[in-house]
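The primary structure of each chain is shown beneath.
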Amino acid sequence: MARKIGKIVLAYSGGLDTSIILKWLQETYGCEVVTFTADLGQREELETARAKAKMLGVRDIRIVDLREEFVGDFVFPMLRANTVYEGQYLLGSSIARPLIAEHLVAIAREVGADAVAHGSTGKGNDQVRFELAVNALDPSLEVIAPWRQWDIRSRAQLLEYAARHQIPVPRDKRGEAPFSIDANLLHSSTEGKVLEDPAEIAPDYIYRRTVDPIDAPDQPEIVAIGFENGDPVSLNGRPMTPAALLTDLNERGGRHGVGRLDLVENRFIGMKSRGVYETPGGTILLAAHRGIESITLDRAAAHLKDELMPRYAELIYNGFWFSPERDMLQALIDRSQALVSGEVTLRLYKGNASVISRASPSSLYSADLVTFEEGRVAYDHHDAEGFIRLNGLRLRNWAARNGRHRS
């Protein structure tokens, strides 16, 4: 027999779906529901969420500013690994879910709740991310996923439920289903409607943060990003907090059309989906971080990081931020960043963020070694002959074997 639920904490955006879920939880479980809204820099009117929750009878309404924690404790650790999923996606949605889940669990403990609830659908990755995080942080909590439990099966039924319970429906939510949009300081994503056909070109009006690169300014913009131990700490010589720095780069990158991505990705649950992502600041930071690593990381260390990165990205995408294997990889990645400090200069122009210079007090780059002229560092060109002969030994052996089999 299922245990009695006395109190629920709901991850609440203030949108139509989670407002309907809020009412459904109250109606179905007959208990108090606490709402938790995370401010991750999504640019939405957070006070609207408070007003809607209050209108629906919620007494305990939590709106928490997590912008600095999001960027400093989640985005930047991920950036240290140069993380992209399937070679392109900068994981803007994926990296936000463990932080939301962490605070959801913390509030549940604080208020003595028996369960937490989320508004993720049964087809997406977010249900997995939220629930795996809760499993790792507090297995005693029950997780309620209304989209997998209720009888609502269509948009029309959803709107009927809203009308029956006098839940306001914005004009743009009537009729056909709207685009599915997720936004935070790292990115904005758009899915659904015309984008469900990967053969259709994404319409211009869906872009929220970036101008079309074709329409971007004809004059480039130069930015200089300072790094300490692998993390960005300054912009154009001015020290900035993580959230402030990313916010500034979002604005600069957005007006130059940097960071657009139209992607068909492989969801963890087994289907392909198409999304349009805008990650202007993150795209700039990724290029800058690779730029500073290019002169501060040893070749073998850099290549090992690149080999491990796809696995690290997959863990985050699939919802395993809170896992022993991610902790292990993070320790290795963080250790690699001990001397990744310096400054990288980039040119922002027509959708591109191009590294044009890099400097570090810990640089491994030696002009005396690499110069085509005679350098001050002793380098005997004849040493290369033995190096090549030793590396070619197995190839000569392989060629001799193949020659025998051809005759």
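Computed from a prediction, not measured in an experiment: that's the story for all the values here. (Residues numbered from 1 in each chain as written. Predicted model: local features only at pLDDT ≥ 70, side-chain atom pairs only at ≥ 80, totals over all residues. Heavy atoms only, no water.)

### Some details on the overall build of the protein
Selection criterion: Helix numbers and strand numbers start at the N terminus; a helix is a DSSP run of H or I with at least 4 residues, a strand a run of E with at least 2. Contact definition: two residues touch when any of their heavy atoms are within 4.5 Å. Each accessible area is a Shrake-Rupley estimate made with a 1.4 Å probe; only the visible protein chains count as cover when residues are assessed. Positive residues here are Lys and Arg, negative ones are Asp and Glu, while His and the chain termini are left out of the count. Charged groups are reduced to one reference atom each: NZ for lysine, CZ for arginine, CG for aspartic acid, CD for glutamic acid.
When helices and strands are tallied, the protein shows 13 helices and 14 strands. Judged by the C-alpha coordinates and their principal axes, the protein covers about 85 × 55 × 45 Å. In the protein, 73% of the contacts between residues at least 6 apart in sequence involve partners at least 24 apart. For the protein, the computed accessible surface area is about 20,800 Å², with 52% contributed by carbon and sulfur atoms. Side chains of the protein give 49 positive and 56 negative charges; the mean places of these two sets differ by 3 Å.

### Observations concerning the pattern of salt bridges
The cut-off we apply is this: By convention in these notes, a salt bridge is any Lys or Arg side-chain nitrogen within 4 Å of a carboxyl oxygen on Asp or Glu. Throughout, exposure labels follow a simple rule: accessible area from a 1.4 Å probe, protein chains only, divided by the maximum for the residue type, with under 20% read as buried, over 50% as exposed, and the rest as partly exposed.
Throughout the structure, instances matching the rule amount to 25 salt bridges. Here E47 makes a salt bridge to R50, at a shortest N to O gap of 2.8 Å. Residue E47 and its partner R50 are located together in helix 2 (residues 46-55), separated by three residues, close to a single helical turn. Overall, the relative accessible area of 42% leaves E47 in the partly exposed class. The partner of R62 in a salt bridge is E110, and the shortest N-O contact between them spans 3.2 Å. In this pair, R62 sits in strand 3 (residues 61-65) while E110 sits in helix 4 (residues 96-111), placing the two residues 48 residues apart along the sequence. For E110, a relative accessible area of 55% translates into the label exposed. One salt-bridge network, held together by shared partners, links E221, R238, D248, R252 and R255.

### Some remarks on the UniProt feature "domain: Arginosuccinate synthase-like N-terminal" (unreviewed entry) in the protein
For the record, the criterion: UniProt positions are given in the numbering used here, feature names are shortened, and annotations may be inferred rather than shown by experiment.
Per the UniProt record, "domain: Arginosuccinate synthase-like N-terminal" (unreviewed entry) is found at residues 7-168. With 49% helix and 15% strand, residues 7-168 has end C-alpha atoms that lie 25 Å from one another.

### Details of the layout of surface pockets
What counts here: The way it works is a 1 Å grid over only the protein atoms, where trapped points that fit a 1.4 Å probe form a cavity and open points with protein on both sides within 12 Å along at least five of seven lines form a pocket, and then any residue with an atom within 4 Å of a point lines it. Grid points are joined across faces, edges and corners, and a volume is the space filled by probe spheres set on the points. Nonpolar residues are Ala, Val, Leu, Ile, Met, Phe, Trp, Tyr, Cys and Pro. Charged residues are Asp, Glu, Lys and Arg, and all others, Gly as well, are polar.
In this model, the second largest pocket occupies a volume close to 170 Å³. Taken together, 12 residues form the lining of the second largest pocket, with L369, T371, E373, Y379 and H381 sitting closest to its centre. Grouping the amino acids of the lining of the second largest pocket by side-chain chemistry returns six nonpolar, three polar and three charged.

### Looking at empty space enclosed by the protein
Summary: where empty space remains is shown by rolling a probe the size of a single water molecule over the atoms. Taken as a whole, this structure holds two cavities of 30 Å³ or more when the rule is applied. The calculated volume of the largest cavity comes to roughly 100 Å³. Residue lining of the largest cavity: V75, M78, L79, T83, L90, L186, G282, L285 and L286, and that is the complete set. Elements with a minimum of two residues in the lining of the largest cavity: helix 3 (67-79) and helix 9 (280-296). Partitioning the lining of the largest cavity into residue classes produces seven nonpolar, two polar and no charged. The calculated volume of the second largest cavity comes to roughly 50 Å³.

### Observations concerning the sheet that holds strand 11 (residues 260-266)
To keep it simple, the criterion reads: Here, a strand pair is defined by DSSP locating no fewer than two bridges between the strands. Helix axes are fitted only over the stretch in contact, all axes being lines through C-alpha atoms; the angle between N-to-C directions runs from 0 to 180 degrees.
Here we have four strands laid out as an open sheet, ordered 6-7-12-11, and antiparallel in their pairing. Of all the strands in the sheet, just strand 6 (180-183) and strand 11 have a single pairing partner and so form its edges. Within this sheet the neighbouring strands show an average axis-to-axis angle of 25°, counted without direction. Pairing of strand 7 (residues 188-191) with strand 12 (residues 272-278) involves three bridges; the strand directions are antiparallel. Directly across from S189, in strand 12, lies its bridge partner Y277.

### Looking at the UniProt feature "binding site: L-citrulline" (unreviewed entry) in the protein
Here the UniProt feature "binding site: L-citrulline" (unreviewed entry) sits at Y89, S94, N125, R129, S180, S189, E265 and Y277. Filtering the just-named annotated residues for those lining the second largest cavity gives S94 and R129. Looking at the element boundaries, R129 is found in helix 5 (residues 126-137). Of the residues examined, R129 reaches a relative accessible area of 5% and is grouped as buried. Contacts of R129, omitting those with residues within four sequence positions, involve S93, S94, R97, I316, Y317, N318 and G319. If you trace the backbone, S189 turns up in strand 7.

### Topic: a nonpolar patch on the surface
So the rule is basically this: Here, patches come from residues exposed beyond 30% relative accessible area and free of salt bridges, joined within 9 Å for like charges and within 5 Å for nonpolar side chains (Val, Leu, Ile, Met, Phe, Trp, Tyr).
A contiguous nonpolar surface patch, about 230 Å² in accessible area, is contributed by F268, I269 and M271. Here M271 shows up in the loop between strand 11 and strand 12. Exposure remark for M271: the relative accessible area of 31% places this residue in the partly exposed category.

### Structural notes on the sheet that holds strand 1 (residues 7-11)
Taken in spatial order, the five strands make up an open sheet running 3-2-1-4-5, and their pairing is parallel. Only two strands of the sheet have a single neighbouring strand rather than two, namely strand 3 and strand 5 (142-144). Mean inter-strand twist for the sheet, computed between neighbouring axes without regard to direction, equals 25°. The strands touched by helix 4 within the sheet are strand 1, strand 2 (32-39), strand 3 and strand 4 (115-117), with strand 1 carrying the most contacts at an inclination of about 160°.

### Some thoughts on the pairing of strand 1
A regular strand places its side chains so that they alternate between the two faces of the sheet. Most of strand 1 is tucked away: five of the five residues are buried. With five bridges connecting them, strand 1 and strand 2 associate as parallel partners. Bridge assignment links A11 to a residue of strand 2, and that residue is F36. Direction of pairing for strand 1 relative to strand 4: parallel, over a ladder of three bridges.

### A look at the nonpolar core
Going by this rule: We call a set of buried Ala, Val, Leu, Ile, Met, Phe, Trp, Tyr and Cys residues a nonpolar core when their side-chain atoms join them within 4.5 Å. The domain boundaries here were taken from an automatic or database domain assignment.
Counting 73 residues, the largest nonpolar core has V9, F70, I95, I225 and L346 as its most contacted members. Among the elements that make up this core, the one with the highest residue count is helix 4 (nine residues). Shared between two domains, this core holds at least three residues of each, these being domain 1 (7-67 + 92-173) and domain 2 (180-359). Setting aside residues up to four positions removed in sequence, L346 forms contacts with E221, I222, V223, I225, I284, A287, A288, A353, S354, V355 and I356. Listed in part, the 29 residues of the second largest apolar core include L10, L56, I144 and V169.

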